[in-house]
Amino acid sequence: MSEAEEIGESSDVAPSPKKRNDGETAVHVRGVRKQFGSKVAVDRATMHMRSRRIHGLIGPNGAGKTTTFSMMAGYLKPDEGSVDVLGFDPRNVDALRGRLGVLPQDAQLPASDPVGEFLTHLAKLQGLESGAVEEIAKKALVEVGGADWWSTRCGALSHGMAKRVALAQAMMGSPEVVLLDEPTAGLDPRNAYEVRQLVKTRRGKTTVIISSHNLQELEEICDFAVVLDRGVVVASGKMSELTAASSEVRITLKMSRRDHGGNTFRIPESDLPLPALREIAGVTAVIFEGERNELVLNFDKKLVEAEVVIGFALSVLLQRQMLISGVGKGRGLEARVMDLTD
Amino acid sequence: MNPAVEVALIANREVKKNFRSVKGILLAVLTIMGGVAFTFILSGSEKVRSKIEQQAKLQQQMQEQMQQENLPPDGSGAPALDPLQRNAPPRGNGSSGSHRPTTPGKPPGEASKPAEIKVTAEDLKKFNTAVYEEAGLAPSVAAYLGRAPMSLVMVLFVSVWLSPLLVSLLGFDGVSSDLQYRAYRFWATRSRRWSFLLGKFLGLFVSVAITTLAMNFIMWIAIAARGEEPFFTCVSWGFQLWMRVLPAVAGWMGIVTLISASVRVPILSLLTTFAAFFAVFVIWIIGVNVDNDFLKMVCPYGYVTHLLDTKIDQYLIGLMLSLGSVGVWIGGAVGIFRWRDV
């Protein structure tokens, strides 16, 4: 049994396929292991990526994200296990031509090639209709905000511009599966935002797998995530499950006050209306985490929505004249990943 | 996609890249400048060559005269046929006499005057053929080259000897730089690995062919401009000779493609290429000295004489050897590149 299965993947993770391509799962990674010298980069990792969803590949440096990503793209051959993309070995270029787009990390564009010529060349190799390759390449370039770069040599582009050209070649021709390794690394906030919006437009049409360190970004755009640590899958599932966003509400309170004499004092925890909060319909547990001054309300997502719980909880707290600093659903991906990884 | 289309697309881009990159432009300029420099050297050696030809004609006349006077044809004082032996001291008394020919029974001052000797085209052919035979070429090859203008034959041999240098400098980073800077990853999902390599090889072949043809063309113009040979003769003979040796040059390209696909770091690829070329050259030298056909055929130099042969079977042997060696080297390259991590 894989690590992912051992940790109790939720039903949102697609079951292991019995045939190479079941139509529901775009990418299967089954027990892959990759070793570089004495270092094991990925150790029997198993993951299944659903079709037409956006997936995140998460983990700290050295977790094995890029190695896993490279095996999905066919750059690296697993020492053990197998990888299927749309039911085919990722090295089967003929079967996947035009169906798999990849943005590799740190791959340099050919310096002497003009951008337009480079994209057109790749579009031709991708098997796109010969009469339409230029139009498709231009469209891809426009999508990443590089309409003016057609005649610019790749070597003359800045890092951010080159990254966007690389993104354009990955998205070009609307492939069924797109693998993006650090798509917004090195981009300014505006361009990073535009790239995120571009990826979001593919939701429901394309299977997108993003490897990134930027957890806020992944939390924002991904439907599913796989967390890797030291080459092992430590968690996987829906993003909302991983962050507990669909079954947990967190309310941050201001617990310190000033008396009339200007002295600061801390409200005792016994003053918190925990019993009243537990009586809210659907709420299953309420605890107070003193270190963060957070009230954590767990609820049954089948009975009640998070927003309803938030409304009632705030009402109870305001009646008790509690000061509220913040409200959120779940702990957030960052906190979750910190818990899962060393 | 038809593999031939894939190969053609990659080869086409490779040619453009070679003539657009700084390295490619520099090499092309240097090669063409080398052609110009060689033309000047040819011009300087023109007087020497003229004297050699006159000497040969003189010797022939003397032999005819000696035969008429019933004197032994190897009479002392007669110059050797081999022009390299002309400066050897005369046999017999051991004194260092003049190498100028003398007629027996007449004082040296009364010898035939070179100015009176007229060298016909037929004399030149005979002389050139004899020179090539003396140099160890097969009679059919010597006869073929004997008909060609000597300047062009010199150009041919210089081109052949320098071709490994051009091939190594132009091709050492053909694949290795794409691996080091990971640019190959843009192609990995769009082209079969073998067709990528074959495209790279063909691109290099066309680049080298164009460069050497340009170099030859400059020399043809120079030779024709000096009135040594009519331009049409230069073009017809020069093109013929260039075409004949091109398959042998492809052997070097096969080796450099294999090394470039095996070594990720371009500078290591260059050094390995130099080492491999030198090793192959040494093996050829050994093969020539011990008269071992197998050792001679390891090196592309060994195919040239076959390719210059007018006997169709010999020419086909040369062609098959060239293509066979390319097949072996490219086959090895594909074997390595197909399974390696990129």
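Criteria and thresholds
- Residues numbered from 1 in each chain as written.
- Chains lettered and ligands numbered in written order.
- Predicted model: local features only at pLDDT ≥ 70, side-chain atom pairs only at ≥ 80, totals over all residues.
- Heavy atoms only, no water.
- Helix = DSSP H or I, 4+ residues; strand = E, 2+ residues; numbered from the N terminus.
- Buried < 20%, exposed > 50% of the residue type's maximum accessible area, 1.4 Å probe, protein only.
- Contact = heavy atoms within 4.5 Å.
- Areas by Shrake-Rupley, 256 points an atom, 1.4 Å probe, with all protein chains shown as cover.
- Lys, Arg positive; Asp, Glu negative; His and termini not counted.
- Charge placed at Lys NZ, Arg CZ, Asp CG, Glu CD.
- Pairing = 2+ DSSP bridges.
- Axes fitted to C-alpha atoms, helices over the stretch in contact; angles between N-to-C directions.
- Salt bridge = Lys/Arg side-chain N within 4 Å of Asp/Glu carboxyl O.
- pLDDT = per-residue confidence, 0-100.
- 1 Å grid on protein atoms, 1.4 Å probe; cavity = no way out; pocket = protein on both sides within 12 Å on 5 of 7 lines; lining within 4 Å.
- Points joined across faces, edges and corners; volume = space filled by probe spheres on them.
- Nonpolar A, V, L, I, M, F, W, Y, C, P; charged D, E, K, R; others polar.
- Phe/Tyr/Trp six-rings, centres within 6.5 Å; stacked < 30°, edge-to-face > 60°.
- Lys NZ or Arg CZ within 6 Å of the ring centre and 35° of its normal.
- Buried area = accessible area lost by both parts, 1.4 Å probe.
- Expected span 1.5 Å × (residues − 1).
- Parallel < 35°, antiparallel > 145°, perpendicular 65-115°, else oblique.
- Left-handed = near helix turned anticlockwise from the far one by under 90°.

Before going further, it helps to examine the overall build of chain A. Helices and strands together make up the secondary structure of chain A, namely twelve helices and 15 strands. Once the C-alpha set of chain A is aligned to its principal axes, its extents read approximately 75 × 45 × 40 Å. The buried share of chain A, reckoned over its 342 residues, is 53%. Taking all contacts inside chain A whose residues are at least 6 apart in sequence as the whole, residues at least 24 apart take part in 66%. Accessible surface, chain A as shown: approximately 15400 Å² in total, 47% of it carbon and sulfur. On chain A, the mean spot of the 43 positive side-chain charges and the mean spot of the 46 negative ones are 1 Å from each other.

A word on the sheet that holds strand β13 (residues 283–289) of chain A. Residues and elements named next belong to chain A. One open sheet holds the four strands; their spatial order is β13-β14-β10-β15, and the pairing between them is antiparallel. Bordering the open sheet on either side are β13 and β15 (323–329), each of which pairs with just one other strand. On average, each strand axis in the sheet is inclined to that of its neighbour by 20°, with strand direction left out of account. As judged from the six bridges shared by β13 and strand β14 (residues 294–299), these two strands associate in the antiparallel manner. For V283, the partnering residue across the bridge sits in β14 and is F299. Seen against the sheet, helix α11 (residues 306–319) touches β10 (248–254), β13, β14 and β15 and runs at an angle of roughly 170° to β15.

If the charged atoms of two oppositely charged side chains come close together, the side chains can form a pair. As enumerated under the stated definition, the model contains 34 salt bridges over all chains in all. When the shortest N-O distance is used, the salt bridge between E307(A) and K329(A) registers 3.1 Å. Of this pair, E307(A) sits in helix α11 while K329(A) is found in strand β15, placing the two residues 22 residues apart along the sequence. For the salt bridge of K296(B) with D293(B), the shortest nitrogen-to-oxygen distance reads 3.6 Å. Of the two residues, K296(B) and D293(B) are both situated in helix α11 (residues 293–298); the distance of three residues between them amounts to about one turn of the helix. Overall, the relative accessible area of 17% leaves K296(B) in the buried class. Salt bridges linked by common partners bring D113(A), E117(A), R13(B), K16(B) and R20(B) together as one network.

All names here are of chain A. Judged by how many residues are buried, strand β9 (residues 232–238) sits mostly within the fold: five of seven residues are covered. Pairing analysis gives six bridges linking strand β8 (residues 224–229) to β9, with the strands arranged antiparallel. Bridge pairing in β9 places F224 opposite K238. The hairpin formed by β8 and β9 contains two residues between the paired strands, and R230 there has a positive phi angle of roughly 50°.

This part covers the confidence of the model for chain A. Low pLDDT means the predicted coordinates in that region are not meant to be read closely. On average, chain A scores 88 in pLDDT, and the residues at 70 or more come to 93%. Taken together, the stretch residues 1–19 of chain A has pLDDT below 50 and engages in 32 contacts with residues farther than four places along the chain or on a different chain.

All names here are of chain B. Across all of its chains, the model carries seven cavities of 30 Å³ or more by this definition. Quantified by volume, the largest cavity comes out at close to 130 Å³. Around the largest cavity sit 16 residues that line it, and L156, S159, N216, W242 and V245 are the ones nearest its centre. Elements represented by at least two residues in the lining of the largest cavity include exactly α5 (150–171), α8 (193–225) and α9 (231–262). Classifying every residue of the lining of the largest cavity by side-chain character gives eleven nonpolar, five polar and no charged.

Another aspect to go through is the packing of aromatic side chains. Tallying each qualifying case throughout the model produces 19 aromatic pairs over all chains. Geometrically, the ring pair formed by F217(B) and F231(B) is edge-to-face, given 6.2 Å between the ring centres and 85° between the ring planes. Here F217(B) is found in helix α8, whereas its partner F231(B) is found in helix α9, with 14 residues between them in sequence. What makes F217(B) partly exposed here is its relative accessible area of 38%. Overall, F231(B) belongs to the partly exposed group, its relative accessible area being 38%. Taken together, the aromatic side chains of F118(A), Y184(B), F186(B), W187(B), F196(B) and F337(B) make up a single cluster linked through ring pairs. Here K138(A) stacks its cationic end above the ring of W150(A), 5.1 Å away from the centre of that ring.

Here we come to the interface of chain B and chain A. The partner chain A presents 35 residues to the 26 residues of chain B that form the contact. Approximately 2700 Å² of surface area, both sides summed, lies buried where chain B meets chain A, with 54% of it carried by carbon and sulfur atoms. When the buried surface of chain B facing chain A is broken down by residue, F186(B), T189(B) and R190(B) rank first, second and third, together holding 30% of it. Taken together, the connections running from chain B to chain A amount to eight salt bridges. Of the charged contacts, one joins E117(A) and K16(B) as a salt bridge, the two residues approaching to 3.9 Å between their closest N and O atoms.

In this section: the sheet that holds strand β3 (residues 54–58) of chain A. Residue and element names in this part refer to chain A. Pairing in this open sheet of six strands is mixed, and the strands run β5-β6-β7-β3-β8-β9 from one edge to the other. Pairing within the sheet leaves two strands with one partner each, and these edge strands are β5 (100–103) and β9. Each neighbouring strand pair of the sheet contributes to a mean axis angle of 15°, computed without reference to strand direction. In this sheet, strand β7 (residues 207–211) lies alongside strand β6 (residues 177–181) in parallel orientation, the contact comprising five bridges. Looking across to β7, one finds that L180 is bridged to I210. Across the sheet, helix α12 (residues 333–340) is in contact with β3, β8 and β9; its angle to β8 comes to roughly 35°.

With 18 residues, helix α1 (residues 3–20) of chain B should reach 26 Å at 1.5 Å per residue; the first-to-last C-alpha distance of 26 Å fits that figure. The complete set of buried residues in α1(B) reads E6(B), V7(B), L9(B), I10(B), A11(B), R13(B), E14(B), V15(B), K17(B) and N18(B).

Residues and elements named next belong to chain B. Put simply, α1 and α8 touch, their axes get as near as 7 Å, and they point 45° apart. Classified by the angle between their axes, α1 and α8 sit oblique to one another. Our pair here, α1 against α8, has a crossing hand that is right-handed.

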